[in-house]
Amino acid sequence: MFRTNTCGELTQANINEKVTLSGWVSTLRDKGFMVWIDLRDRYGITQIILDEDRSSKELFETARKLGREFVIQVSGTVIERASKNPNIPTGEIEILADSITILNESALPPFTIDDNTDGGEDIRMKYRYLDIRRNPVKNKLIFRSKVAQEVRKYLDAQDFVEVETPVLIKSTPEGARDFVVPSRMNPGEFYALPQSPQTFKQLLMVGGLDKYFQIVKCFRDEDLRADRQPEFTQIDCEMSFVEQEDIMNVFEGLAKHLLHTFKGLEFGDFPRMTFADAMRRYGNDKPDIRFGMEFGEITDLAKGHDFKIFDEQELIVGIAAEGCNSYTRKDIDKLIEWVQRPQIAATGLVWVRCNEDGTYKSSVDKFYTQEDLAAWAERMNAKAGDLLLVMSGNTNKVRAQLSALRMEIAERLGLRKPDEFAPLWVVDFPLLEWDEESERYHAMHHPFTSPKPEDMELIDSNPGEVRANAYDLVLNGNEIGGGSIRIFDKNIQARMFELLGFTAEQAEAQFGFLMNAFKYGAPPHGGLAFGFDRFVSILDGSETIRDYIAFPKNNSGRDVMIDAPAAIDQTQMDELFIQSNVVEK
Ligand code: ASP
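Bear in mind that the values here come from a model prediction, so they are computed numbers and not experimental data. Counting of residues starts from 1 at the beginning of each chain's written sequence and follows it residue by residue. Totals for whole chains, interfaces and linings use all residues, but because this is a predicted model, local features are given only for residues with pLDDT of at least 70 and pairs of side-chain atoms are given and counted only at 80 or more. As a rule here, side-chain values come from all non-hydrogen atoms in the structure, and water together with hydrogens is ignored.

Caption draft 1: Quick look at the sheet that holds strand E3 (residues 44-51). The criterion for strand pairing is that DSSP finds at least two bridges linking the strands in question. The helix and strand labels rest on DSSP assignments: H or I over at least four residues marks a helix, E over at least two residues marks a strand, and numbering proceeds from the N terminus. Judged by pairing direction, the barrel is mixed, and its five strands sit side by side in the order E1-E2-E3-E5-E4 before closing back on the first. Between one strand axis and the next, the sheet turns by 55° as a mean value, whatever way the strands run. Where strand E1 (residues 18-30) lies against strand E4 (residues 71-80), seven bridges are found, and the strand directions are antiparallel. Of the residues in E4, the one forming a bridge with Thr 20 is Ser 75. The contact rule is simple, with two residues in contact once any of their heavy atoms fall within 4.5 Å. Axis geometry follows a simple rule: fit a line to the C-alpha atoms, using only the stretch in contact for helices, then measure angles between N-to-C directions, giving values from 0 to 180 degrees. Along the sheet face, helix H1 (residues 57-65) touches E1, strand E2 (34-41), E3 and strand E5 (93-104) and points at about 65° away from the line of E5.

Here's what the structure looks like:
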């Protein structure tokens, strides 16, 4: 037997018991007449002690061979500690060792296995298995596991069936590029890895399963903006004979259950906002509503004052940064530089100080009177002491830019509190969005999303105005889930493919299986998927999903630990009928 107990459970109640523990040597202190070893396992740390009076010479010899991260087995007696450590559960006891067995040696670890390690991000990623020995990493994985179990329990109790769907499939359009896998048995043909199990879960509804869920890996080959992972996990769900309201109720229930179980929070009905309102009020379809700083549009007020820059713009809009009148000219210049960085790419920023005495001082005083500026301040809900930050430009662009600035100001003002939770449903998304590059409509959610029946008449005359039965669940400014009611009529689905620029042949080649299935009595259905990694991290008060993934990829999509992706050898290439065009440098 390797152990009678774990390293995290022995207390005063166990005094005088003979125990055996196994674990890693965390620290070793040798005072000559005494040796202390901190023995660590997943459950905690227990202090082992050897002393001259009570321990044998051989035991001291073994102890002195130990190094950090050696794996050892220790047997001994639980005794009371002379100097107690109130910070750990085992801090009142120690184990007087009678025997120590070295189960395995360890090379010197490249960083200290400590809560506050000396290892930088890169080295810790390379040796992720060592990083996982550290509490902050390990605890996040345990937290994730607990959330997953709770999700399963909740959905199982509501009769959802967990079904595994295949990983080697054909493209599912979720708006990213596919990862593809060459087929050896079908030369020149490729599988795609699922961007989500979308079409399969719809087929399961045609199959009559009624309520499906799966905690499932999804794969999207996209440029990795901060905190995205090429493979990530969804809680993927689908239900039959439901309307939008039914789906929202079930999954609001799940979200509430998780917020209650893990945060002890109770919520009433989650607020809802239309996509159009979210864009107008926050410039963003996933607004963080933990704080205000809503947009104030002043296009009508600001145009026609000979300020040429504004006169030429589609939208003029601003926010009131609370208490930021204290910003110095230099601070403001820095802010202007911040919005001009390529990531935001704003041309500039007009500012207005709301002075305590009720006067205004702005960068555009030449063009606007005190009354003009007071009217702006009112639109932005500003108080004395605030600083108005105003941007102008093309509606969509300027909204995105001001939204980024709003988040930045909130961050600086400490308004994005990780222990505060503000869920929000965003509804009535447009069905389609215009893509400038390809000069075509794209599905805003995905091509299987149902238009709102009342907007169907616009589908030919003004497709951009058609709203979808689609909804996102937003938590603290992050989209944690999204879904839609699906098209289940094969003719509407065919029309949708046509709108998206597929020829009938292309639609047939790519999605014939789905349209064919729809011929055989497809029930009305809809669903949603939660981004599991993100949901877990936000629940745990963090926004870094990488920390909640055991073996994450870096920003270039690499796993630096196993060094993937990697070249494959020529035989393997030949077997797959593949040639590389990459020229060796
Ligand atoms: N498949 C969708 C996604 O991955 C979710 C859904 O519509 O259920 O975003």
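Caption draft 2: The UniProt feature "binding site: L-aspartate" (unreviewed entry) in the protein, seen in detail. UniProt positions are given in the numbering used here, feature names are shortened, and annotations may be inferred rather than shown by experiment. Taking the UniProt record as the reference, the feature "binding site: L-aspartate" (unreviewed entry) is found at Glu 174, Arg 220, His 445 and Arg 486. Here Arg 220 lies in the loop between strand E9 (211-219) and strand E10 (231-240). Looking at the element boundaries, Arg 486 is found in the loop between strand E21 (478-485) and helix H14 (490-499). Each residue's exposure class comes from its accessible area (1.4 Å probe, protein chains only) as a fraction of the maximum for that residue type: buried when under 20%, exposed when over 50%, partly exposed otherwise. Arg 486 gets classed as buried once you look at its relative accessible area, which sits at 2%. Engagement of the side chain of Arg 486 in a polar contact is seen with the side chain of Ser 484, the distance being 2.6 Å. Polar contacts, as counted here, are pairs of nitrogen or oxygen atoms within 3.5 Å of one another; within protein the pair requires one atom able to donate a hydrogen and one able to accept it, and residues that are adjacent in sequence qualify only if both atoms are side-chain atoms.

Caption draft 3: Inspection of the side chain of Ser 450 at higher detail. By secondary structure assignment, the location of Ser 450 is in the loop between strand E19 (440-443) and helix H13 (458-461). With sequence-adjacent residues up to four places away left out, Ser 450 is seen in contact with Leu 431, Ala 468, Asn 469, Ile 485, Arg 486 and Ile 487.

Caption draft 4: Structural context of empty space enclosed by the protein. Every definition here rests on a 1 Å grid over the protein atoms only: cavities are sets of points where a 1.4 Å probe fits but cannot get out, pockets are open sets enclosed by protein on both sides within 12 Å along at least five of seven lines, and lining residues have some atom within 4 Å of a point. Grid points are joined across faces, edges and corners, and a volume is the space filled by probe spheres set on the points. For the structure on display, the rule yields one cavity of 30 Å³ or more. Roughly 40 Å³ of internal volume is contained in the largest cavity. Lining the largest cavity are Met 125, Arg 128, Phe 551, Pro 552, Asp 559, Val 560 and Met 561. Classification used: nonpolar for Ala, Val, Leu, Ile, Met, Phe, Trp, Tyr, Cys and Pro, charged for Asp, Glu, Lys and Arg, polar for all others including Gly. Here the residues of the lining of the largest cavity are counted per class, giving five nonpolar, no polar and two charged.

Caption draft 5: Summary view of unusual backbone geometry. Of the consecutive residues Ala 564 and Pro 565, the connecting peptide bond is found in the cis state with omega at 0°. Along the polypeptide, Pro 565 turns up in the loop between helix H16 (532-539) and helix H17 (570-575). For Asn 16, which is not glycine, the phi dihedral falls at a positive 80°. Judged by relative accessible area, which is 60%, Asn 16 ranks as exposed. Of note in the backbone geometry, Glu 69 takes a positive phi value of approximately 70° without being a glycine. With respect to the helices and strands, Glu 69 occurs in the loop between H1 and E4.

Caption draft 6: Main features of the site of the ligand. Proximity is defined per residue: if any heavy atom of the residue lies within 4 Å of a molecule or strand, that residue is considered near it. The environment of the ligand is made up of 14 residues, and the closest members are Glu 174, Gln 198, Lys 201, His 445 and Arg 486. Contacts to the ligand include His 446, whose side-chain N or O atom sits 2.9 Å from an oxygen atom. At 2.7 Å, a side-chain N or O of Arg 486 approaches an oxygen atom of the ligand. Shrake-Rupley sampling with a 1.4 Å probe provides the accessible areas, and residues are treated as covered by the protein chains on show and by no other component. Contact with the protein chains removes 93% of the 270 Å² of surface that the ligand exposes when unbound.

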